[in-house]
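# Reading the structure
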Number of protein chains: 2
Amino acid sequence: MNRPPLTPLADSLPASVPFVGPEALERASGNAFKARLGANESVFGPSPKAIAAMKIAASEVWQYGDPESYDLRQALAVHHGIAPENVMLGEGIDALLGYLVRLYVEHGTAVVTSAGAYPTFNYHVAGFGGNLHTVPYRDDHEDPDALLAKARETGARLIYFANPDNPMGSWHDAVAVQRMIDAVPDDCLLILDEAYIELAPSGTAPALDMSNPNVIRMRTFSKGHGMAGARVGYALGEAENISAFNKIRNHFGMCRISQAGALAALRDQDYLSDISAKVAASRDRIAKIGRDNGLTPLPSATNFVAVDCGKDGDYARKVLAGLLDQGLFVRMPFVAPQDRAIRISCGSDQDMKLLESALPKALAAAG
Amino acid sequence: MNRPPLTPLADSLPASVPFVGPEALERASGNAFKARLGANESVFGPSPKAIAAMKIAASEVWQYGDPESYDLRQALAVHHGIAPENVMLGEGIDALLGYLVRLYVEHGTAVVTSAGAYPTFNYHVAGFGGNLHTVPYRDDHEDPDALLAKARETGARLIYFANPDNPMGSWHDAVAVQRMIDAVPDDCLLILDEAYIELAPSGTAPALDMSNPNVIRMRTFSKGHGMAGARVGYALGEAENISAFNKIRNHFGMCRISQAGALAALRDQDYLSDISAKVAASRDRIAKIGRDNGLTPLPSATNFVAVDCGKDGDYARKVLAGLLDQGLFVRMPFVAPQDRAIRISCGSDQDMKLLESALPKALAAAG
């Protein structure tokens, strides 16, 4: 009895996880977190209308979800002023990124991203045998010119670019992003991850041009809409590119309850506006707490704030450890020099009070 | 501006769907189905305790699900008397099959299944460039000896075998299945799909032997547990095989609401017993309706009955069309000679009354 061999590619991959979940940290420490501010979830939750829709759908969950997510796709098309053929639903942006990489990347395909950008994208590129090329951030912003130059240099098939960015919270305005889109090489696809776009200042997202086959845009119900656990993301793009997902996607992969919740959330734009205001207020409060402790909060167009601890990565990791020890789940950038900061998600008033109390102790412990 | 090229493999794949959803049929016809008996969903629904758990979880959906599905995995391990290392959760068996194929299949890898067995598995094999070899059913049963012989002949890396089978509802007893497991070639993995196992007679599933690296077993909350729309499946197998999923899976892909529902469903085994009885009664009723109309219901260990219409596939397709025209969503096997049957899922009393009334008309129309 021998073990059936994996493919050489699969065999070469580590069993890994892009992020350790907060639950795993809780199990390791034996203590539940008092504040969950590490995964850029929306503590404000989804619209009550979305919750109500999900409760109703719970009783209907004996039925598979519609594999076309027809109602939601139609509603998103109307919402964005585009055609349903330009919209593809998926089990979170994570799944859609995996599908995209599978469609475009094989052994040795060049792919470009920023050093320290979204690890889950990198995980997918490695998982399909691609060659990942990185460029550094520039002043804590992703650098469109450097990404494009590296793509030209390497003949990249994909560029990953998040606007606003995670983990720094920085952003470029629509003019700069459109300039980048216009400069994407002909045989290259720009993945423009706009997961946080609903929380960014107006004028951050370029107009949707669904005729352009060189860009695909990623949106989600996980951030502004507060439904991270529901796993609903979507891609917006040129119709033939969008149709390619149908070659490989898990057609029946969408949770029926999540489909219902997302549809109701989309229809409650007033709630989303309200959340944007709450997020902005919480960002200001995190920034104030940081400044009150001698730290430098970075401007953010997201539901988190990267707070520069003023020294190197080792120091910031100590500060982070001090917060974790006090029961605050927070994370931080993985790569220097961004790792001089810790990344704190927006939270409730109670969360902010905990942060206010814990941060001075964490800084004292870090020395 | 050119379209970025897909990989040659992706380019060669059709944009397809293994099954057309009932919602798409409804949109095409303009009429809602009166009875939904085509996808082997459980019209009896999930446990009320599972529904209650999902309603509570709906309010907590702002949090990502635990990427390790720790609580559910622990509970499944206890339930099955195995270790958590032998259990992997996934977004339905469909997603787990996709991951398995990705782990073991590359261009030209031989894979064996039965002609007319689960199309979604075949879709994944094609999607990763595998060479699918099929063997015929034997007396409406999957044929273990033929599958094994074909695997030896082709040097197959994977064998797909469902017990009980879909679409025929037939099954082999545990002794026969164990004999098959014992005969799997050393470098081959048997995927034993037991999606319907909770509804089968006792003595259908061989004992779980988690030391054997040549078999992996697939279970789901979609059928007996009545949670198809929640997308919760799981694999049971030897620990190192199970760990390989962590190389490629979408770690944060599980819906948090679904995780909570599945845990509650698993804990309500009394409800599952009750459902098994209801399913058995409905199977008997479908069989009786078939016989009353001169047709031959096949024995079933699942939540559906394949009803032999007594002629060829063209005739059965006419009968099927007659039922669809009358608002009954049903499906049928794709491949001869199994396509002489239509496949009817168990239903409510109301569903059965509709079937009773519709079947004679469908038969009359088929001529």
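Residues numbered from 1 in each chain as written. Chains lettered and ligands numbered in written order. Predicted model: local features only at pLDDT ≥ 70, side-chain atom pairs only at ≥ 80, totals over all residues. Heavy atoms only, no water.

### Quick look at the overall build of chain A
The helix and strand tally for chain A stands at 13 helices and 12 strands. Taken over the C-alpha trace, chain A has a radius of gyration of 21 Å; the compact-globule value for 367 residues is 21 Å, and the two agree within 12%. By residue count, 66% of the 367 residues in chain A fall in the buried class. In chain A, the proportion of contacts linking residues at least 24 apart, taken out of those at least 6 apart, comes to 72%. Roughly 12800 Å² of accessible area belongs to chain A as shown, and the carbon and sulfur atoms make up 52% of that amount. On chain A, the mean spot of the 34 positive side-chain charges and the mean spot of the 42 negative ones are 5 Å from each other. (Helix = DSSP H or I, 4+ residues; strand = E, 2+ residues; numbered from the N terminus. Rg over C-alpha atoms; globule rule 2.2 N^0.38 Å. Buried < 20%, exposed > 50% of the residue type's maximum accessible area, 1.4 Å probe, protein only. Contact = heavy atoms within 4.5 Å. Areas by Shrake-Rupley, 256 points an atom, 1.4 Å probe, with all protein chains shown as cover. Lys, Arg positive; Asp, Glu negative; His and termini not counted. Charge placed at Lys NZ, Arg CZ, Asp CG, Glu CD.)

### What to know about the interface of chain A and chain B
Residue-level contacts link 88 residues of chain A with 88 residues of chain B. Where chain A abuts chain B, roughly 7300 Å² becomes buried across the two surfaces, and 58% of that area is made up of carbon and sulfur atoms. It is W62, Y64 and K247 of chain A that lose the most area in chain A upon contact with chain B, and together they represent 12% of the buried surface on that side. If you look at where chain A meets chain B, you find 10 salt bridges. Among the ionic pairs, R27 of chain A bridges to D66 of chain B, the shortest N-O distance being 3.0 Å. Here chain A is connected to chain B by 60 residue pairs in polar contact (both at pLDDT 80 or more). Per-element accounting of the side of chain A that touches chain B gives the leading share, five residues, to helix α5 (residues 92-104) of chain A. Class assignment for the residues of the side of chain A that touches chain B results in 42 nonpolar, 23 polar and 23 charged. (Buried area = accessible area lost by both parts, 1.4 Å probe. Salt bridge = Lys/Arg side-chain N within 4 Å of Asp/Glu carboxyl O. Polar contact = N/O pair within 3.5 Å; in protein donor to acceptor, adjacent residues only side chain to side chain. Nonpolar A, V, L, I, M, F, W, Y, C, P; charged D, E, K, R; others polar.)

### What to know about the packing of helix α4 (residues 70-80) of chain A against helix α10 (residues 256-267) of chain A
Residues and elements named next belong to chain A. One way to put it is that α4 packs onto α10 with a least axis distance of 9 Å and a crossing angle of 20 degrees. In terms of their interaxial angle, α4 and α10 are classed as roughly parallel. Crossing angle aside, the handedness with which α4 passes α10 is left-handed. Facing α4, whose interface residues are D71, L72, A75, L76 and H79, α10 presents Q259, A262, L263 and L266. (Axes fitted to C-alpha atoms, helices over the stretch in contact; angles between N-to-C directions. Parallel < 35°, antiparallel > 145°, perpendicular 65-115°, else oblique. Left-handed = near helix turned anticlockwise from the far one by under 90°.)

### Regarding the side chain of R36 of chain B
With respect to the helices, strands and loops of the structure, R36 of chain B is situated in strand β1 (residues 35-36). A polar contact is formed between the side chain of R36 of chain B and the backbone oxygen of Y64 of chain A, at a distance of 3.3 Å. In this structure the side chain of R36 of chain B is engaged in a polar contact, spanning 3.0 Å, whose partner is the side chain of E23 of chain B. Excluding residues that lie within four positions of it along the chain, R36 of chain B makes contacts with W62, Q63, Y64 and R256 of chain A together with P22, E23, E41, V43 and F329 of chain B.

### Side note on the domain arrangement of chain A
In many analyses, interface size is given as the accessible surface area lost on bringing the parts together. All names here are of chain A. Domains assigned within chain A are domain 1 (19-45 + 270-366) and domain 2 (48-267). On a C-alpha basis, the centres of domain 1 and domain 2 stand 25 Å from each other. The partner domain 2 presents 26 residues to the 26 residues of domain 1 that form the contact. Of the roughly 2000 Å² buried at the junction of domain 1 and domain 2 (both faces included), carbon and sulfur atoms supply 65%. Contact with domain 2 buries area across many residues of domain 1, yet L272, A301 and Q338 alone supply 26% of it, more than any other trio. (Domains from an automatic or database assignment.)

### Observations regarding the UniProt feature "domain: Aminotransferase class I/classII large" (unreviewed entry) in chain A
Here the UniProt-annotated "domain: Aminotransferase class I/classII large" (unreviewed entry) positions come out as residues 36-354 of chain A. Across residues 36-354 of chain A one finds 39% helix and 16% strand; the C-alpha atoms that close the span lie 11 Å apart. (UniProt positions renumbered as here; feature names shortened; annotations may be inferred.)

### Remarks on the sheet that holds strand β9 (residues 296-297) of chain B
All names here are of chain B. Taken in spatial order, the three strands of this open sheet run β9-β10-β12, and their pairing is antiparallel. Looking at which strands have only one partner, the edges of the open sheet turn out to be β9 and β12 (341-345). When strand β10 (residues 304-308) meets β12, the two strands line up antiparallel, connected through five bridges. The residue of β12 that forms the bridge with F304 is S345. (Pairing = 2+ DSSP bridges.)

### As for the pattern of salt bridges
Between side chains of opposite charge, a pair can form as their charged atoms come close. This structure, assessed with the given rule, holds 42 salt bridges over all chains. One salt bridge connects R36 of chain B with E41 of chain B, and the closest N-O pair in it is separated by 2.7 Å. E41 of chain B carries the same exposure label as R36 of chain B, and that label is buried. The partner of R157 of chain B in a salt bridge is D187 of chain B, and the shortest N-O contact between them spans 3.9 Å. Of this pair, R157 of chain B sits in the loop between α7 (144-154) and β5 (158-162) while D187 of chain B sits in the loop between α8 (174-182) and β6 (189-193); the two residues are 30 residues apart in sequence, bridging distant segments of the chain. In this structure R157 of chain B comes out as buried when scored by relative accessible area, which is 19%. By relative accessible area, which is 36% here, D187 of chain B ends up partly exposed. One continuous salt-bridge network, built from bridges that share partners, spans E23, R36 and E41 of chain A together with R256 of chain B.

### Some remarks on the relation of the copies chain A and chain B
Superposition record for chain A on chain B: RMSD 0.0 Å, screw rotation 180 degrees, translation along axis 0.0 Å. Accordingly, the operation relating the two chain copies is best matched by a two-fold axis. Relative to the rotation axis, the C-alpha of K55 of chain A is the closest in chain A, positioned 2.4 Å from it. When the interface residues of chain A are mapped onto chain B, 100% of them again lie at the interface, so the same face is used by both copies. (Least-squares fit on C-alpha atoms with pLDDT ≥ 70 in both.)

### Description of a nonpolar patch on the surface
Where nonpolar side chains cluster on the molecular surface, the patch consists of V17, V20 and L25 of chain B and spans about 200 Å² of accessible area. Here V17 of chain B lies in the loop between α1 (8-12) and α2 (22-29). (Patch = residues over 30% accessible without salt bridge, like charges linked within 9 Å, V, L, I, M, F, W, Y side chains within 5 Å.)

### Section: the side chain of R249 of chain A
Secondary-structure assignment places R249 of chain A in the loop between α9 (239-244) and α10. Among buried Asp, Glu, Lys and Arg side chains, R249 of chain A stands out as unpaired, with E91 of chain A the closest opposite charge at 6.7 Å. Among the polar contacts made by the side chain of R249 of chain A, one reaches the main-chain carbonyl oxygen of P67 of chain A at a distance of 2.9 Å. Residues within four places of R249 of chain A in sequence aside, it is in contact with P67, E68, M88 and Y99 of chain A together with Y123 of chain B.

### Focus on helix α11 (residues 269-292) of chain A
Residues and elements named next belong to chain A. For α11, built from 24 residues, the straight-helix expectation of 34 Å at 1.5 Å per residue is met to within 8% by its first-to-last C-alpha distance of 35 Å. Against the buried residues of α11 lie α3 (48-58), β9 (296-297), β10 (304-308), β12 (341-345) and α13 (349-366). Backbone geometry just after α11 places G294 at a positive phi near 80 degrees. (Expected span 1.5 Å × (residues − 1).)

### Overview of the environment of I242 of chain A
Residues and elements named next belong to chain A. By secondary structure assignment, the location of I242 is in helix α9. Distance in space between the C-alpha atoms of I242 and L89 is 9.8 Å, their sequence separation being 153 residues. Once you skip the residues sitting within four places of it in the chain, I242 turns out to touch R73, E85, N86, V87, M88, I216, A235, L236 and G237.

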